[in-house]
Structure formats: C-alpha cells, structure tokens
Amino acid sequence: MKGPHRLRAGIATILLTTGLPSFALDTATLVSSVLSPDCLAYRVVGVCYWLYCSHGGCSVRTSVKVRHYAPDAVVSSYSTTGANPWVEVRAMSQPNAKAQAGGDGTTNHGNENNLAKFKNADVIGHPSGYLFSQFASSYGYSCPGAGRPFMPYLLSTLDPLAWRFNVPEMVYPEALIPGKREIGSRSAMNLWGNVYPRGGFLHQADDYKAAAVVTQRAGDIVTRRGQLHVYQPLLANARDGYWPAGELVESNATTGKWQELTPILSRTCAVFPHADPAVQAQQGDYAWALWRPYSCCRRRGQVFLGSTDLQ
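Basis of the calculations
Residues numbered from 1 in each chain as written. Predicted model: local features only at pLDDT ≥ 70, side-chain atom pairs only at ≥ 80, totals over all residues. Heavy atoms only, no water. Helix = DSSP H or I, 4+ residues; strand = E, 2+ residues; numbered from the N terminus. Buried < 20%, exposed > 50% of the residue type's maximum accessible area, 1.4 Å probe, protein only. Contact = heavy atoms within 4.5 Å. Areas by Shrake-Rupley, 256 points an atom, 1.4 Å probe, with all protein chains shown as cover. Disulfide = S-S within 2.5 Å. Salt bridge = Lys/Arg side-chain N within 4 Å of Asp/Glu carboxyl O. Patch = residues over 30% accessible without salt bridge, like charges linked within 9 Å, V, L, I, M, F, W, Y side chains within 5 Å. Core = buried A, V, L, I, M, F, W, Y, C linked by side-chain atoms within 4.5 Å. Phe/Tyr/Trp six-rings, centres within 6.5 Å; stacked < 30°, edge-to-face > 60°. Lys NZ or Arg CZ within 6 Å of the ring centre and 35° of its normal. Arc of directions from axis to C-beta.

Caption draft 1: Structural view of the overall build of the chain. A count of helices and strands for the chain gives 7 helices and 12 strands. By the burial criterion, 48% of the 311 residues in the chain qualify as buried. Taking all contacts inside the chain whose residues are at least 6 apart in sequence as the whole, residues at least 24 apart take part in 73%. For the chain, the computed accessible surface area is about 14600 Å², with 56% contributed by carbon and sulfur atoms.

Caption draft 2: Just the state of the cysteines, in detail. All chains considered together, the criterion is met by 4 disulfides. At a sulfur-sulfur separation of 2.1 Å, the disulfide partner of Cys 48 is Cys 297. Across the S-S bond of Cys 48 and Cys 297 the torsion is about -95°, and the bridge reads as left-handed. Separated by 249 residues along the polypeptide, Cys 48 in strand β1 (residues 43-54) and Cys 297 in strand β11 (residues 285-297) bring together distant segments of the chain. Residue class for Cys 297 comes out buried when judged on its relative accessible area of 4%. One disulfide bridge connects Cys 53 with Cys 58, the sulfur atoms lying 2.0 Å from each other. With the S-S dihedral at roughly 110°, the linkage between Cys 53 and Cys 58 falls on the right-handed side. The exposure class of Cys 58 is exposed, given its relative accessible area of 53%. What connects to what in the chain, once the bonded cysteines are numbered by sequence position, is 1-6, 2-8, 3-4, 5-7.

Caption draft 3: Highlighting the pattern of salt bridges. Using the criterion set out here, one finds 11 salt bridges in the structure. A salt bridge links Arg 198 to Glu 169, with the nearest nitrogen and oxygen atoms 2.6 Å apart. Taken together, the residues Arg 198 in the loop between β7 (193-194) and β8 (201-202) and Glu 169 in the loop between α5 (160-165) and α6 (173-176) connect sequence positions 29 residues apart. For Glu 169, a relative accessible area of 3% puts it in the buried group. A salt bridge links Arg 224 to Glu 247; the shortest N-O distance between them is 3.7 Å. Here Arg 224, found in the loop between α7 (207-222) and β9 (242-243), pairs with Glu 247, found in the loop between β9 and β10 (257-262); they are 23 residues apart in sequence, far enough to count as distant. Residues participating in the shared-partner salt-bridge network are Glu 169, Arg 181, Arg 198, Asp 220, Arg 224, Glu 247 and Glu 250.

Caption draft 4: View of a nonpolar patch on the surface. Residues Leu 161, Phe 165, Val 167, Met 170, Val 171, Leu 176 and Ile 177 make up a contiguous nonpolar surface patch of about 680 Å² in total accessible area. Secondary-structure assignment places Met 170 in the loop between α5 and α6.

Caption draft 5: Quick peek at the nonpolar core. Counting 61 residues, the largest nonpolar core has Val 123, Phe 132, Leu 261, Trp 288 and Trp 291 as the members making the most contacts within it. Residue assignment for this core shows that the elements contributing at least two residues are α3 (37-40), β2 (57-78), β4 (120-125), α4 (130-137), β5 (152-155), α7, β10 and β11. A per-element tally of this core places α7 first, with 9 residues. Dropping the residues within four chain positions of it, Trp 288 is found in contact with Ala 73, Val 74, Val 75, Tyr 208, Ala 211, Ala 212, Thr 215, Trp 258, Gln 259, Glu 260, Leu 261 and Phe 272.

Caption draft 6: Fine view of the packing of aromatic side chains. Evaluated as defined, the whole model comprises 17 aromatic pairs. Between Tyr 242 and Tyr 294, the ring centres sit 6.3 Å apart and the planes meet at 15°, which makes this aromatic pair stacked. Of this pair, Tyr 242 sits in strand β9 while Tyr 294 sits in strand β11, and the two are 52 residues apart along the sequence. Tyr 294 matches Tyr 242 in its accessibility class, with the two residues each being buried. Residues Trp 243 and Phe 304 carry aromatic rings whose centres are separated by 5.9 Å and whose planes lie at 65° to one another, so their mutual orientation is edge-to-face. Pair noted here: Trp 243 is in strand β9 and Phe 304 is in strand β12 (residues 303-309), with a separation of 61 residues, a long-range link. Residue Trp 243 is classed as partly exposed on the basis of its relative accessible area of 29%. Connected via pairs of aromatic rings, a cluster forms that spans Trp 192, Tyr 208, Trp 258, Phe 272, Tyr 286 and Trp 288. The aromatic ring of Trp 243 is capped on one face by Lys 65, whose charged end is 4.0 Å from the ring centroid. Note that Arg 239 overlies the ring of Tyr 242, its terminal NZ or CZ placed 4.2 Å from the centroid.

Caption draft 7: Highlighting α4. Taken residue by residue, α4 has Phe 132, Phe 135 and Ala 136 as its buried positions. Here the buried residues of α4 occupy an arc of 95° about the axis, which is enough to place them on one side.

Take a look at the structure:
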C-alpha cells in the first residue's frame, strides 16, 4: 500500500504548483499534467459477471466495474500556421502549398471585431502513457483510453479544403439553422460559437472563446467515423468488460471534458462554455487535453455474462 500513498502525496505536491501561467508547452509538462484527481473522476459503478470453467466444473465469478476519464489527446488551437504551442510536435503541422499564413482578419477599423478569426487545430495523442496508467491504477483497476502517444489524429494543415473553405459543411443543416450544435446559447447569454461548419474560421471577438470553439470542433471530428475530413478516428472498439468513450458532444461532460494546458495549466477539467476567468494567449496559441470516459472490469473467466450498474 505504500506505493499508492507515495504516488498520491506526489500528486498533491504537483497540484500545488499548477495554476500558474505557462507559455512554453513541452512534453514533460504534458506528462505531469495528467496527475489530476478532478479530471480522472474515478468511480466504482457496478459489477461484472464471468463464467469460469476448469476441470472441476464451472462457476460464476464477479469483478468490480469502474469508470474514469483518460487523457486521449492534446488539442491545440493556434493562430500562426506552423506554431503549435506544443513545441516538440511543431514539425508535424508546418505550412504547405495549400495551408499557409493564419491569424485574424483586420482592417484597422473600429468594427474589426466583426471580422472572422482563424485558428489552426491539431489533435495529437497525449504523451502521458505510463505515468497516467500508474496514476489511475493507484485508485484500483484502470481502463485504457483510445489515444496513442504522439499519434496525429487531425492536422488542419493537411485538411485545407474542409478547414479553410468549409467544404462541404457550409451547407449542412447544423451550419445553417441557428440554435443547432452551438456551444452555449443565446437565451443564457453565453454563446461562444457554433460547432458547424467544423473549420478554422468563426466570428468571435474573444480570442480564448474562439480557440475553445475550434478545439471543440476538432474534438467533434476525431470522435466520429466517416467524416469528410482528413483525419484518423480517435475511437476504441468495445469488447467484453470494456466500454470505450463514444462521440464527443459539446457542453456534455459525460462524453468528454477539457483540461486547459496553455496559457494557464489547470488542475481541473470543464466543458465549454464555462464561467472561469479566461486568460488571453499572447500569441493566440492555446491547448487543452481532451479527457474522455471509459468503463471496464477485470476479466475473471472465459465468458462474459454481463454487468450490473449501481444506482
């Protein structure tokens, strides 16, 4: 038992040092950022039943069903093409013939906040790997996430038609009908932006909120199959005793939540929109970790008979 207690003591020490401005995002910072009990949200949620057979006959065995969140990916949303705030992966998304420049529209006019903002987006597998596995296991049995360290799931520079020209999503009902697939709402006076079309342009005077909307769009794409984008699905397949995360839905924490990484390294996770004070990045570059929920139980037999969830 000494190992888990030492690990949790170390977690507390690290958490006391977070929450400060962080403008240089590197892999070491990302790895340590997963030590967040709030983002993990570990829970025992039920019981699994297994049929175990041996030479002496068959019996039903049980195992505990748990649920927790896992950091699947780092989603960066940034203004200058080629300047991903995660420094070690910048080479993955350099400018090319179809994706150059970036930033906001400007006319040096008093109404320039009405012009469109543009953000690149990269979705890359979270590098936490072994450390997160040890952290989650200190609470009990842990479930693997879908993300693979450093795997590029979406690089907007390789998806220029959809990301820079909104083709074909500009004509989707979600993009044309007010109130469909929006982050926040007009009635609550907290509308941050629309999920569709899922590209890099939107009208939002607040740079933090613009980056958050683009981040949500990128997460929306990679957690679905068959989208008309250049990407790899960030999804795992269900199996006996393992229930992976599904499609990400805006403002719904049961499908996924966000941990801010830069310009502020947060110790907690939230969904968009949120009421927390937002710090504007000096260079227009932001990053969040996408945490998604997984349930699983330990295999204790040859045949999975089912599970019962606690109320």
